[in-house]
Amino acid sequence: MSSPATPPRSLAEALRGRDDVSLAALLRARPDLITPVPTDLTQLATRAGTRASVVRALEHLDRFALQTAEALAVAADPAPYDELLGLMAGDDRDPAVTAALPAALATLRAQALVWGGDDRLRLVRTARELLAPSPQHPSPTGLGPSVQESTAGMSPGRIQEIVTTAGLPSTHDAVSAVASLAALFGDRERMAALLAEAPEEARDVLSRLVWGPPYGQVTADPAAHLRWLLDRGLLVPTAPGTVVLPREVALHLRDGRAHRAPEPVPPAVESTAAHRPQIVDATAAGQAYTALATVEELLKDWDEGGPAVLRAGGLSVRDLKRTAVALDVPEPTAAFWVELAYAAGLLASDGEADERYAATPAYDEWLGQPAAQRWVRLAEAWLTATRTAGLVGGRDAKDRTLSALGPGLDRSAAPEVRHRVLTLLAALPEGAAPAAESVLARLRWERPLRGPHQEDDLRTRLAGWTLSEAELLGVTGRGALSAHGRALLGAPASRSQRQPHGDPARPADGGPGDKLPVHHHRPAPPDPLSPAEQTVASAAAARLLAPLLPEPLDHVLLQADLTAVAPGPLQRPLADMLGVLADVESKGGATVYRFTPASVRRALDAGRSASDLHAFLTAHSRTPVPQPLAYLIDDVARRHGHLRVGAASAYVRCDDDAVLNEILADKRAAALRLRRLAPTVLAAQADPATLLDGLRAMGFAPAAESAEGDVLVTRAHAHRTPARTAPVPVPDGPPVPDSTLLTAAIRAIRAGDLASTTPRKPTSADPPPTGGALPRTSSAETLATVQAAVLTGDTLWIGYVNAEGTASQRVIAPVRVEGGFVTAYDHTADEVRTYPLHRITGVAELADD
């Protein structure tokens with residue numbers, strides 16, 4: 001290991017000089033590096049330099065850190081800090097860039113993308129290959145190749161001609177000539193004097209190429225002003241008809257800047273409207289109540305078995321339209337509610353041969369919970385779900401339509417984007433609604449696109465969907481984060497939670513043109529919560545939301561026009577019974593139910609008697625039961641069951657043969673193919689269910705009966721799937737390791753590094769093994785060395801092959817040797833272990849120092 005005063009010669013040596021806290025930060029930022037855990041720091045450094053890992057690390061940089069890495073890719077290797085500062089801040093040393101650069105460089109160092117001291121900054125080789133300019137992959141900086149790279153294929157004679165024409169003395173070789181030309185282009189004064197002699201048209205050409213792309217086209221016989229540039233190396237031919245602007249020339253024209261517009265400071269999230277927090281919370285609570293009612297209505301509609309599952313999985317377009325009509329919402333919104341219920345584990349396919357969607361047993365448990373807890377379950381499922389309802393109706397990579405509940409909707413970035421958007425809202429003042437474009441601009445700064453297609457940015461679309469879905473779900477109200485939404489994130493308590501409602505010091509509710517100062521932002525939680533922390537946060541959110549939700553009512557208002565008005569949400573038993581006895585006519589702040597002969601017959605079919613219905617309405621109505629409603633119930637009940645339908649294929653029997661004569665005479669009964677078996681019995685070739693429906697359509701009120709002649713009570717059949725678990729989110733790469741795993745991984749890496757780097761004594765006249773090779777000794781020598789170490793207490797370095805054939809190096813302190821096994825304290829694993837001697841490839845004593 002190098003001493004602290006010795007600069008590291010490799011990334012592995014740089015990592016070896018880090019403390020455990022720094023290594024833990026690296027592994028937390030780049031969890032792919034410990035999947036699986038590296039054997040030592042050399043392997044960790046190798047893995048950190050692989051293309052896949054570097055690409056992933058670059059994609060997680062913010063815009064300024066990425067710009068810093070791009071500048072290092074066009075700087076010398078290694079580059080001093082002053083050169084990097086010049087590339088980022090320019091000749092005038094932009095103070096904002098100068099102030100922000102150390103933090104950006106620290107980020108690159110922390111993520112092992114840059115190593116070395118400030119006098120020798122090195123970008124890891126893979127990152128340089130990815131970010132350095134080339135004809136196939138232009139640099140985001142717009143810079144071209146250096147003079148040395150541009151003239152690599154040029155003849156020495158032509159290089160000497162360029163040097164002489166540029167006013168430089170000729171040299172004895174091409175290498176020194178190129179170095180002389182590069183020095184000229186890097187000298188501000190001499191370069192300014194050279195360009196002062198350039199024709200105006202030549203300067204126009206340079207101005208068009210300076211910010212990129214640096215390549216241009218010329219004819220075989222270029223114009224005079226182009227020839228002037230070519231003769232002095234200000235443009236260099238790279239292929240027939242193609243020229244490039246050398247990097248040093250472009251940097252001079254840019255005043256030393258590698259980027260046209262460095263962005264050292266993230267764009268602020270602006271507020272477009274200011275609302276009183278109480279109004280925000282009340283609005284969000286109303287949306288939360290609507291969300292609960294919508295999910296409940298969706299699953300009640302599918303209570304007896306929902307739409308069929310497509311062969312490829314998911315809902316058909318027709319079924320999604322029907323669901324949207326039933327919920328009275330647009331189709332994209334219906335897809336969101338369906339996916340939310342699925343993510344919460346309330347909805348799944350039943351797995352039958354004729355597979356259909358239905359509620360799960362968890363839905364019944366969910367219905368029994370308080371409203372605030374039911375909302376929290378939906379909100380938690382939304383926050384962590386990777387399934388993205390906004391994609392429904394789009395096309396996948398194979399040009400197939402993406403359907404609700406179908407495959408292909410998982411986007412692993414969705415949870416992180418949702419959390420980040422809400423965190424940005426939590427950082428705004430209370431009651432502040434953000435400008436959507438400023439939120440999107442902030443996210444683009446935090447995770448800039450490295451490709452040219454900005455409009456296809458998935459993160460931007462996810463952020464837009466998050467803002468609209470949070471409003472639908474009641475996490476936000478009027479665009480601002482609510483108190484219970486803030487609590488769900490684990491954000492600090494807002495002032496509205498510490499002050500009584502109606503505080504006179506509160507500003508009035510602002511309009512859309514109001515602006516709020518961005519410097520009042522409060523800190524918000526930077527990372528998603530752990531499961532234990534989320535449990536606490538969810539409980540706090542439920543406590544804040546519960547007082548804002550309307551209390552369920554135990555009464556309705558009966559009207560003379562055969563309607564009942566529910567002025568608010570109803571208690572569960574009342575709502576269930578009223579849903580059987582009447583049909584919902586309109587929804588909103590007050591729900592209107594209408595009583596019809598069919599709805600009353602439905603209640604009678606469910607086993608209720610007329611007296612039961614009268615008693616129920618009397619007990620739950622704040623107004624007297626209207627006479628028309630009482631007459632309707634008595635009239636339907638009088639005729640209910642007068643006819644009996646059973647299985648012959650089917651039959652009808654009635655004590656009043658006049659009624660049967662009426663049925664036979666009715667033309668609508670022809671399809672039932674009835675015939676009289678007895679004065680009080682008719683037989684039909686239709687099945688009992690068809691016969692029941694046909695007679696009811698004719699205006700009769702038949703009742704089904706069993707084979708024993710008893711009336712069958714028809715109850716609503718609640719179809720449920722077998723027990724199902726909610727869909728598991730698809731992670732975005734390896735999960736972030738917790739502190740326990742990090743501690744164990746770092747200990748294992750340190751121990752493995754000790755085993756591979758500790759100096760060892762030679763075991764024979766041959767030199768000791770190098771390059772990580774295992775020690776090799778004979779069985780007799782291995783046994784003798786281990787027995788001697790037991791007596792002397794020495795520490796040994798061994799090579800070991802386990803039962804799976806995996807070889808490793810270990811540092812052990814032998815304690816006992818017997819029966820073909822050695823018991824020793826293993827410094828690598830930090831515990832006492834027993835090893836079979838026949839699996840030890842060899843031993844070596846550690847050097848005294």
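Computed from a predicted model, the values in this text were never measured in an experiment. By convention here, each chain's residues receive numbers from 1 onward along its written sequence. Confidence filtering applies because this is a predicted model: local features only for residues at pLDDT of at least 70, side-chain atom pairs given and counted only at 80 or more, and all residues used for totals across whole chains, interfaces and linings. Processing note: side-chain calculations cover all non-hydrogen atoms of the structure and skip hydrogens and water entirely.

Draft legend 1. The arrangement of the sheet that holds strand β22 (residues 807-818) in detail. On the basis of which strands lie adjacent, the open sheet formed by five strands has the order β24-β23-β22-β21-β25 and antiparallel pairing. Looking at the sheet topology across the chains shown, the edges are occupied by β24 (831-836) and β25 (840-845). Shown here is a sheet whose adjacent strand axes are inclined to one another by a mean of 45°, direction ignored. Strand pairing follows a simple DSSP-based rule, namely that at least 2 bridges must link the two strands. Starting at the N terminus, helices and strands are each numbered in turn, a helix being any DSSP run of H or I of at least four residues and a strand any DSSP run of E of at least two. Bridging between strand β21 (residues 796-801) and β25 involves five bridges; their strand directions are antiparallel. Bridge pairing links Y800 to I840 in β25. Note on contacts: a residue pair is in contact if any heavy atoms of the two residues lie within 4.5 Å. Lines fitted to C-alpha atoms define the axes, with helix axes restricted to the stretch in contact, and inter-axis angles between N-to-C directions lie between 0 and 180 degrees. Sheet strands touched by helix α34 (residues 779-792): β21, β22, β23 (821-826) and β25. Its angle to β22, the strand with the most contacts, is close to 60°.

Draft legend 2. Summary view of the nonpolar core. In plain words, nonpolar cores are sets of buried Ala, Val, Leu, Ile, Met, Phe, Trp, Tyr and Cys residues tied together by side-chain atoms within 4.5 Å. Between buried and exposed lies partly exposed: a residue is buried under 20% and exposed over 50% of the maximum accessible area for its type, with that area taken using a 1.4 Å probe on protein chains only. Judged by nonpolar contacts, the single largest core of 91 residues is most densely connected at L234 and L235. Examining the composition of this core, we find that seven residues originate from one element, helix α5 (residues 63-73), more than from any other. For L235, the residues in contact, after removing those within four places along its chain, are V205, L206, L209, L226, L229, L230, V243, V244, L245 and P246. Counting residues in each nonpolar core, the second largest holds 69 residues, with V269, L347, A385 and L489 among its members.

Draft legend 3. Focus on helix α29 (residues 610-620). Regarding α29, the residues found buried are A610, L613, F616 and L617. Buried residues of α29, viewed axially, fall in a sector of 125°; they line one side. The outward face of α29, more than 90 degrees from its buried face, is lined by the exposed residues S611, T618 and A619. Tucked into the core, α29 has its buried residues touching β12 (557-559), α27 (572-581), α28 (597-605) and α30 (627-639). In this description, one arc is meant: the one made by directions from the helix axis to the C-beta atoms.

Draft legend 4. The arrangement of the packing of α29 against α30 in detail. α30 packs onto α29 with a crossing angle of 160° between their chain directions and a minimal axis gap of 9 Å. As the angle between them shows, α29 and α30 are arranged roughly antiparallel. Helix-helix and strand crossings are classified by hand; for α29 and α30 the assignment is right-handed. Across the interface between the two elements, A610, L613, H614 and L617 from α29 touch L629, A630, I633, D634 and A637 from α30. Residues are grouped as follows: Ala, Val, Leu, Ile, Met, Phe, Trp, Tyr, Cys and Pro are nonpolar; Asp, Glu, Lys and Arg are charged; all remaining types, including Gly, are polar. By residue class, the composition of the contact of α29 with α30 is seven nonpolar, one polar and one charged. Oblique is the label for any angle not under 35 degrees, not over 145, and not in the 65 to 115 range, which are roughly parallel, roughly antiparallel and roughly perpendicular in turn. Handedness of a helix crossing follows the sense of rotation of the near helix relative to the far helix, less than a right angle counterclockwise being left-handed and clockwise being right-handed.

Draft legend 5. A look at the environment of P237. Mapped onto the secondary structure, P237 falls in strand β4 (residues 236-239). Placed 84 residues apart in sequence, P237 and G153 show a C-alpha to C-alpha distance of 9.7 Å. Setting aside chain neighbours within four positions, we find P237 in contact with S150, M154, L230, T242 and V243.

Draft legend 6. Representation of the sheet that holds strand β5 (residues 242-244). A sheet is described by the order of its strands in space; here three strands give the open sequence β3-β5-β4, paired in antiparallel fashion. Where the open sheet ends on each side, the last strands, each with one partner, are β3 (215-217) and β4. Here the strands of the sheet are splayed against their neighbours by 40° on average, with no regard to which way each runs. Sheet analysis places β4 next to β5, joined by three bridges and oriented antiparallel. Directly across from P237, in β5, lies its bridge partner V243.

Draft legend 7. Layout of the packing of aromatic side chains. Any pair of Phe, Tyr and Trp rings, taking the six-membered ring for Trp, is counted once the centres come within 6.5 Å. Such a pair is stacked with planes under 30 degrees apart, edge-to-face with planes over 60 apart, and tilted for the rest. In total, this model carries four aromatic pairs according to the counting rule given. With a centroid separation of 4.8 Å and an interplanar angle of 70°, the aromatic rings of Y800 and Y835 are classed as edge-to-face. Note that Y800 is positioned in strand β21 and Y835 in strand β24, a separation of 35 residues in sequence. A cation over an aromatic ring shows up here: R374 above the ring of W366, its NZ or CZ 5.2 Å from the ring centre. A ring is scored as having a charge over it whenever the NZ atom of a lysine or the CZ atom of an arginine sits within 6 Å of its centre and within 35 degrees of its normal.

Draft legend 8. Region of the structure containing the confidence of the model for the protein. What pLDDT expresses is the predictor's confidence in each residue, scored from 0 to 100. Here the protein averages 84 in pLDDT, while 89% of its residues score no lower than 70. Confidence drops under pLDDT 50 across residues 495-525; counting only partners more than four residues distant or on other chains, this segment forms 70 contacts. In this model, residues 764-771 is a region of pLDDT below 50 whose contacts with residues beyond four sequence positions or in other chains number five contacts.

Draft legend 9. Spotlight on unusual backbone geometry. The omega torsion of the bond from T35 to P36 falls at 0°, within 30 degrees of zero and hence cis. Within the secondary structure, P36 sits in the loop between α2 (20-29) and α3 (41-48). A cis amide bond links D77 with the next residue in sequence, P78, at an omega value of 0°. Relative to the helices and strands, P78 resides in the loop between α5 and α6 (81-89). One non-glycine residue, A112, lies in positive phi territory at about 60°. By relative accessible area, A112 is classed as buried at 0%. Here the phi dihedral of L405 falls at roughly 65°; this positive angle occurs in a residue that is not glycine.

Draft legend 10. Broad picture of the side chain of T782. Secondary-structure assignment places T782 in helix α34. Given a relative accessible area of 3%, T782 falls into the buried group. Polar contacts here mean pairs of N or O atoms no more than 3.5 Å apart (in protein, one a potential hydrogen donor and the other a potential acceptor; neighbouring residues in sequence count only if both atoms are side-chain atoms). At a separation of 2.6 Å, a polar atom in the side chain of T782 contacts the side chain of T777. In contact with T782, other than residues within four places in its own chain, are T777, I840, G842 and V843.

Draft legend 11. Broad picture of the pattern of salt bridges. Any carboxyl oxygen of Asp or Glu that lies within 4 Å of a side-chain nitrogen of Lys or Arg is treated as forming a salt bridge with it. In the structure shown here, the tally under the stated rule is 34 salt bridges. Between D118 and R109 there is a salt bridge, with the nearest N and O atoms lying 2.8 Å from each other. Since its relative accessible area comes to 43%, D118 is described here as partly exposed. Several salt bridges share partner residues, and in doing so they unite R158, E161, R227 and D231 into one network.

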